[in-house]
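# Structural description and commentary
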Amino acid sequence: MTRPAPDELAIRSLVARYADAVNRYDEALWGGTWAVNGVWDLAGMVVEGRKAVVDFWRNAMGSFEFAIQLVYQGTIEIEGDRASGRWYLTETLRPKGADADRITIGCYVDEYVKENGSW
């Protein structure tokens, strides 16, 4: 399977924008990384549609004093206007009112779709 360089770069940029939006609590930027009909499966909790996903994220982020997400290496498989990716990350979260941070080590398993020429 080939990976056209412009598409791979665009998807890597999308993942970087996603993490940057989390770190800056930028709802508009974060929401813009989701497809209109995107589905977020977060540990078995499934949220469907960009609006519902953003609403869920806003409520979740409101419970933290801060969140820092660091996304590391990733792999991308592109086939036409669809792609998949796997990214490893750490996330440090401080819940409001807590004395200690919570650290998560995880892996995103993503599916991407090109809408209106953009990933």
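Note: the structure precedes this text.
So, how was this worked out
Residues numbered from 1 in each chain as written. Predicted model: local features only at pLDDT ≥ 70, side-chain atom pairs only at ≥ 80, totals over all residues. Heavy atoms only, no water. Pairing = 2+ DSSP bridges. Helix = DSSP H or I, 4+ residues; strand = E, 2+ residues; numbered from the N terminus. Axes fitted to C-alpha atoms, helices over the stretch in contact; angles between N-to-C directions. Buried < 20%, exposed > 50% of the residue type's maximum accessible area, 1.4 Å probe, protein only. Contact = heavy atoms within 4.5 Å. Salt bridge = Lys/Arg side-chain N within 4 Å of Asp/Glu carboxyl O. Expected span 1.5 Å × (residues − 1). Arc of directions from axis to C-beta.

Read from one edge to the other, the open sheet built from three strands follows the order β3-β4-β5, with strand pairing classed as antiparallel. The two strands at the open ends of the sheet, each matched to only one other strand, are β3 (64–79) and β5 (102–113). Along the sheet, successive strands turn relative to each other by an average axial angle of 20°, direction set aside. Taken together, the 12 bridges between strand β4 (residues 82–95) and β5 define a ladder with antiparallel strand orientation.

Phi at Y25 takes a positive value of approximately 55°, unusual for a residue other than glycine. Along the chain, Y25 falls in the loop between α1 (5–24) and α2 (27–31). On the basis of relative accessibility, which here comes to 31%, the residue Y25 falls in the partly exposed class. Notably, N116 is not glycine yet its phi reads approximately 55°, a positive angle. The topology assignment puts N116 in the segment after β5.

So, on to the environment of E48. Its location among the elements puts E48 in strand β2 (residues 45–48). Of the residues examined, E48 reaches a relative accessible area of 59% and is grouped as exposed. For the pair E48 and T75, spaced 27 residues apart in sequence, the C-alpha separation works out to 24 Å. Here E48 is in contact with G38 and V39, once residues within four sequence places are set aside.

Here the structure, examined in full by the defined rule, presents eight salt bridges. Across the pair R24 and D20 runs a salt bridge whose closest N-O atoms are separated by 2.9 Å. Residue R24 and its partner D20 are located together in helix α1, separated by four residues, close to a single helical turn. Here R24 falls in the partly exposed class, since its relative accessible area comes to 48%. Taken together, the shared-partner salt bridges in this structure form one network comprising E27, K51, D55 and R58.

Right, let's talk about α1 for a bit. Between its first and last C-alpha, α1 extends 28 Å over 20 residues, near the 28 Å set by a 1.5 Å rise per residue. Listed in full, the buried residues belonging to α1 are D7, E8, I11, L14, V15, Y18, A19, A21 and V22. Projected down its long axis, α1 carries its buried residues within an arc of 160°, all on one side. Exposed side chains of α1 directed beyond 90 degrees from the buried face belong to A5, P6 and L9. Buried-residue contacts for α1 involve α2, β1 (39–42), α3 (50–61), β3, β4 and β5. Count one or two residues on from α1 and you reach Y25, which has phi positive near 55°.

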